[in-house]
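Chain by chain, the residues run as shown.
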Amino acid sequence: MAKIHAVRGMNDILPDETPSWQFVERCFRNVVRRYGYKEIRFPILEQTQLFKRSIGEITDIVEKEMYSFEDRNGDSLSLRPEGTAGCVRAADQHGLLYNQQQRLWYSGPMFRHERPQKGRYRQFEQFGIEAFGMAGPDIDAEVILLSAQLWRELDIAKSLTLKINNIGSSEDRAKYGSELRSYLSSCASQLDRDSQDRLDTNPLRILDSKDPETQVILENAPIMTAFLNQESQDHYERLKQLLSDADLDYSENPKLVRGLDYYNNAVFEWTTNDLGAQGTVCAGGRYDGLVTKLGGKSTAAVGFALGVDRLVLLLEALAAIPACAKAGVDIYLAIVGDQLVSQGLQLAESLRQQFPTLALQVNCGGGKYSSQMKKAYNSGAGTVIVLEQDGDSVDPVTEVKLRRLDDSEESTYVPIKDLQNALSKIIRS
Ligand code: HAM
């Protein structure tokens, strides 16, 4: 019978790869905890309306990329294409936002029906943080500094650059959008197909176009800076000052507009040249209008999300995953002889109790000494304990062989009553 494969653009993460993912997950959880963030979990499936209202009806995500369907009640539901909308919905629904400050983080799979390629998938994993109830640029700076701290801990800081921009208020963007539209309309026929479609509906998205001819036309286009309100400019200037004071390098990119409609004022992206076309590993910004748009009371908000798939690819490209992150089991227990299985299992249980952090793998399924040793080497363990009967005795074994699985291949015989002591020395060394 024909085999059934995974859905295109949705990846299996195999046991050889999961240690790299766990390494990123551990670093992220550790860093956000140190900045006072608390975890929030919300559903993968939400009302389609939630994403339409927050991300915007005229965006690639909502128009082309959502996995939407009618459920058995005829309600339109969608797999979440990102986490901010669900996070705001959940936090507001449970009264966590109004008149409060919150620092929240989340992680999990997101779904976008994009054209799959390296670093761009239809199911991908994000880690995100969202800070609510703080209107000043200090929290924008802290959010960005948190991301920079994460790059340092993952040892990839050198590969990443920070780009920032101020996109002002929605009124500023409306004014700028109509100016941009009049400029681009005069050369509409030279624009790429997507940009032509965007001209009437969402001209700012044309700034994102990768088409070379469109980019040439954009070189002389009016820029957003001239349309920004004073308050927004002050906020942005102060943010830049705070980043500089903290010695964080950034560059300004007036064409950075983001593909989701909810942003205002400062937005940012971290990009790398080490991943090919999909070089944005983390992106975010301020979105003070979103809570109101979703029916809540006005709440200042800022956050970012990083793509874990891309970060793992980057760590692998830079060989930045420490060997210890890939470590498998510490000790392998070979049990030679069926009559010793029960004693072996009990020995393993008591060792796991004595050494709570020890990873000990038992050879289940029997086999000759030589084949068990082969499995011990393959397990990645540093030491094998061999439980073997001496001669034809049927008594429980009182002594085991300890063998190092390194170049020394050093072997010693240890009475089982002294095993804890002997292992403490090995585990510490
Ligand atoms: P976003 O820019 O759409 O923003 O996605 C954030 C990150 O998710 C991207 O920089 C990228 O690393 C990763 N990503 C996006 N799409 C894919 C894909 N198809 N395959 C692999 N990775 C992908 C947001 O999602 C906002 N919710 C971020 C945010 C949080 N803004 C404020 N708070």
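Note that the structure is a prediction, hence the values are computed from the model and not measured. (Residues numbered from 1 in each chain as written. Predicted model: local features only at pLDDT ≥ 70, side-chain atom pairs only at ≥ 80, totals over all residues. Heavy atoms only, no water.)

### Here's the deal with the overall build of the chain
And step 1. Secondary structure summary: the chain contains 14 helices and 16 strands in total.
And step 2. On C-alpha atoms alone, the chain measures out to a radius of gyration of 28 Å, which is more than a quarter above the 22 Å that the 2.2 N^0.38 rule sets for 429 residues.
And step 3. For the chain, the spread of C-alpha atoms along the principal axes amounts to about 95 × 60 × 45 Å.
And step 4. For the chain, the residues scored as buried account for 49% of the 429 residues in total.
And step 5. A fraction of 70% describes how many contacts in the chain between residues 6 or more apart in sequence connect residues 24 or more apart.
And step 6. Just so you have it, the chain exposes about 21900 Å², and 48% of that area is on carbon and sulfur atoms.
And step 7. Counting 49 positive and 60 negative side-chain charges, the chain places the centres of these two groups 1 Å from one another. (Helix = DSSP H or I, 4+ residues; strand = E, 2+ residues; numbered from the N terminus. Rg over C-alpha atoms; globule rule 2.2 N^0.38 Å. Buried < 20%, exposed > 50% of the residue type's maximum accessible area, 1.4 Å probe, protein only. Contact = heavy atoms within 4.5 Å. Areas by Shrake-Rupley, 256 points an atom, 1.4 Å probe, with all protein chains shown as cover. Lys, Arg positive; Asp, Glu negative; His and termini not counted. Charge placed at Lys NZ, Arg CZ, Asp CG, Glu CD.)

### Side note on the site of the ligand
And step 1. Around the ligand, a shell composed of 26 residues is seen, among which Glu82, Thr84, Glu114, Glu130 and Tyr263 lie nearest.
And step 2. Note that a nitrogen atom of the ligand is positioned 2.8 Å from one of the side-chain N or O atoms of Thr84.
And step 3. A distance of 2.8 Å separates a nitrogen atom of the ligand from a polar atom in the backbone of Tyr121.
And step 4. At the level of elements, β6 (123–132), β10 (280–286) and β11 (301–307) are the ones that each hand at least two residues to the shell around the ligand.
And step 5. The leading source of residues in the shell around the ligand is β10, at five residues.
And step 6. Residue composition of the shell around the ligand, grouped by class: 12 nonpolar, seven polar and seven charged. (Near = heavy atom within 4 Å. Polar contact = N/O pair within 3.5 Å; in protein donor to acceptor, adjacent residues only side chain to side chain. Nonpolar A, V, L, I, M, F, W, Y, C, P; charged D, E, K, R; others polar.)

### A short note on a negative patch on the surface
And step 1. A grouping of Asp12, Asp16, Glu17 and Glu316 is seen on the molecular surface, where their side chains present a negatively charged patch.
And step 2. Relative to the elements of secondary structure, Asp12 occurs in the segment before α1 (18–34).
And step 3. The class of Asp12 is exposed, set by a relative accessible area of 57%. (Patch = residues over 30% accessible without salt bridge, like charges linked within 9 Å, V, L, I, M, F, W, Y side chains within 5 Å. Salt bridge = Lys/Arg side-chain N within 4 Å of Asp/Glu carboxyl O.)

### What about the packing of helix α2 (residues 48–55) against helix α4 (residues 84–93)?
And step 1. With their axes 9 Å apart at the nearest point, α2 and α4 run at an angle of 110 degrees to one another. Relative to α4, α2 is oriented roughly perpendicular. Contacts between α2 and α4 involve Leu50, Phe51 and Ser54 from the former and Ala85, Gly86 and Arg89 from the latter.
And step 2. Tallied by class, residues from the contact of α2 with α4 come to three nonpolar, two polar and one charged. (Axes fitted to C-alpha atoms, helices over the stretch in contact; angles between N-to-C directions. Parallel < 35°, antiparallel > 145°, perpendicular 65-115°, else oblique.)

### Considerations on helix α9 (residues 230–245)
And step 1. Along its 16 residues, α9 runs 22 Å from first to last C-alpha, staying within 8% of the 22 Å computed at 1.5 Å per residue.
And step 2. On the buried face of α9, the contacting elements are α5 (137–154), β7 (160–166), β8 (251–252), β9 (264–272) and β10.
And step 3. Where α9 begins, the side chain of Asn229 points an oxygen toward the backbone nitrogen of Glu231, at a separation of 3.1 Å.
And step 4. In the segment just after α9, Asp247 is the residue with positive phi, at about 65 degrees. (Expected span 1.5 Å × (residues − 1).)

### Some words on the pattern of salt bridges
And step 1. Throughout the structure, instances matching the rule amount to 19 salt bridges.
And step 2. The salt bridge partner of Arg198 is Glu63, with a shortest N-O separation of 3.0 Å. Placement of Arg198 in helix α7 (residues 193–201) and of Glu63 in helix α3 (residues 60–65) is noted, with a sequence separation of 135 residues between them.
And step 3. Owing to a relative accessible area of 9%, Arg198 belongs among the buried residues under this scheme.
And step 4. Judged by relative accessible area, Glu63 falls into the partly exposed class, the value being 44%.
And step 5. As a salt-bridge pair, Glu269 and Arg258 come within 3.4 Å of each other at their nearest N and O atoms.

### A look at the side chain of Thr59
And step 1. Position of Thr59 among the secondary structure elements: in the loop between α2 and α3.
And step 2. If we skip the residues at most four places from it in the chain, Thr59 touches Lys64, Arg198, Gly259 and Asp261.

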